[in-house]
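Descriptive analysis of the structure
One letter stands for each residue in the lines below.
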Amino acid sequence: MGALSGKIAVVAGATRGAGRGIARGLGEAGATVYCTGRSIRGYVATPGRPETIDETAEMVTAAGGKGIAAQVDHTDESQVQLFFDRVQREQDHLDILVNDIWGGDQLTEWGKPFWELDVEKGLTMLQRAVHAHIITSRHGVPLMVGTSEPPPQSESRPGVFSPSSVAPVERGGLIVEVTDGDFLGYRGNLLYDLAKLSTIRLAYGMAKDLRGRGITALAVTPGFLRSEAMLDHFGVTEATWRDAIAQDRHFAESETPTYIGRAVTALAADPNVGEKAGKVWSTGKLAREYGFIDKDGRQPDFGSYFDEAVNAILTHGGPHDDDERALLLARYDQLDLDPRRADDAARMAARLWPQ
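None of these values were measured; they are calculated from a predicted model.

**Overview of the pattern of salt bridges**
In the structure shown here, the tally under the stated rule is 21 salt bridges. Residues Asp 301 and Arg 288 are paired through a salt bridge, measuring 2.0 Å at the closest nitrogen-oxygen approach. In this pair, Asp 301 sits in the loop between α9 (283-290) and α10 (302-315) while Arg 288 sits in helix α9, placing the two residues 13 residues apart along the sequence. Relative accessible area serves as the criterion here: at 10%, Asp 301 is assigned to the buried category. Several salt bridges share partner residues, and in doing so they unite Arg 16, Arg 49, Glu 51 and Asp 232 into one network.

Right, here's the structure in full:
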């Protein structure tokens, strides 16, 4: 029996990439997984991408779970509500909800300042990557909290829940927001940054509202994801992925979608996962804590790798070329809001803008 045998999961955005990896990971642990997305056999919603939720559901079943494909456009609230009505009829409850809806790769305009961005593209990205998550959680989480009344509010501080006054309920579960990066700094494009940071904030806010209910909301980020689209971008396969390191040396620390799948599975099986509520966790850090590895036997940690690469630049007095400057600037932008990394950010700033 798998660690999640008997558990019911919904992976919203399971067509490819991290969502597919998470669905399959939950299946390996014995869960029943509803795999949602827009692309099904005979209809591909994303131009140029052949993956479908039907394939993902079959992978879940082959891995040892039960995969169920369900075509849902998560930006359409009526479709989302009908889908969760179906889950309630068929399962009566929900244990795990993963929000991995994205659809922003073709909408992100890298290299442009915010005043040159296409507004329509940007708003579409936010609709898919943020609004869809809100809609999905709004209609999915009631299956996790059941019909119990919300916990009473503190009399001394209106609007703030008092943990001591919250009555325990029987149902519990895990909500995972999939994001990009475990930092609060900048991600290089205004609207991409807003989308990815918003999912971290959603996990934080949901964790606050769910206090005392035994349900944990948190965010998880992969590192350099070796997704189907990324492999195609470099013109390699999973079997030949190392050939792409010549094109991008940082690809050496990449990880497969299996890695984040094992991360989410480890979280779902952890009886003390509530200690992680409201925060963002990287696959690399979770791998060290829980002891899982990627399917190629490695245990990549892109955040630590990034720090090592930046430290090497600082040590040899760089940056010495445009690539090193871009790397240093990216890491500075990511860390400059983190008071714990203030000294690191100051070292980077001194190299980027010497007096």
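So that's the structure; there's more coming.
**So, a nonpolar patch on the surface**
A contiguous nonpolar patch, built from Phe 114, Trp 115, Tyr 186 and Leu 190 and spanning about 460 Å² of accessible area, is present on the exposed surface. By relative accessible area, Phe 114 is classed as exposed at 53%.

**Things to note about the sheet that holds strand β7 (residues 280-282)**
Judged by pairing direction, the sheet is parallel, and its seven strands sit side by side in the order β3-β2-β1-β4-β5-β6-β7 without closing on themselves. Taken across any chain shown, the strands that pair with only one partner, and hence form the sheet edges, are β3 (66-71) and β7. Along the sheet, successive strands turn relative to each other by an average axial angle of 20 degrees, direction set aside. As paired elements, strand β5 (residues 173-178) and strand β6 (residues 215-221) share six bridges and run parallel to each other. Of the residues in β6, the one forming a bridge with Leu 174 is Thr 216. Of the strands in this sheet, β1 (8-12), β4 (96-99) and β5 are in contact with helix α4 (residues 119-140), which crosses β4 at around 170 degrees.

**Focus on the pairing of strand β2 (residues 32-37)**
In terms of residue burial, β2 counts as a mostly covered element, since six of its six residues are buried. Of the two faces of β2, the one holding Thr 32, Tyr 34 and Thr 36 and the one holding Val 33, Cys 35 and Gly 37 are both buried throughout. Of the strand pairs in this sheet, β1 and β2 are connected by five bridges, and their pairing is parallel. Pairing of Ala 9 across the sheet is with Val 33, part of β2. The β-α-β motif built from β1, the intervening helix α1 (residues 17-28) and the parallel element β2 has right-handed crossover chirality. Here β2 runs beside β3; their pairing, made up of six bridges, is parallel. Its bridge partner being in β3, Gly 37 is matched across the sheet by Gln 71.

**Details of the packing of α4 against helix α6 (residues 190-209)**
Taken N-terminus to C-terminus, the directions of α4 and α6 make an angle of 10 degrees; their axes are 9 Å apart at the nearest point. Comparing their axes, α6 and α4 come out roughly parallel. Residue-level inspection shows Gly 122, Met 125, Leu 126, Ala 129, Val 130, His 133, Ile 134 and Ser 137 of α4 in contact with α6, the latter providing Leu 191, Tyr 192, Leu 194, Ala 195, Ser 198, Thr 199, Leu 202 and Met 206.

Cut-offs applied
- Residues numbered from 1 in each chain as written.
- Predicted model: local features only at pLDDT ≥ 70, side-chain atom pairs only at ≥ 80, totals over all residues.
- Heavy atoms only, no water.
- Salt bridge = Lys/Arg side-chain N within 4 Å of Asp/Glu carboxyl O.
- Helix = DSSP H or I, 4+ residues; strand = E, 2+ residues; numbered from the N terminus.
- Buried < 20%, exposed > 50% of the residue type's maximum accessible area, 1.4 Å probe, protein only.
- Patch = residues over 30% accessible without salt bridge, like charges linked within 9 Å, V, L, I, M, F, W, Y side chains within 5 Å.
- Areas by Shrake-Rupley, 256 points an atom, 1.4 Å probe, with all protein chains shown as cover.
- Pairing = 2+ DSSP bridges.
- Axes fitted to C-alpha atoms, helices over the stretch in contact; angles between N-to-C directions.
- Contact = heavy atoms within 4.5 Å.
- Right-handed = clockwise from strand over helix to strand, strands pointing away.
- Parallel < 35°, antiparallel > 145°, perpendicular 65-115°, else oblique.

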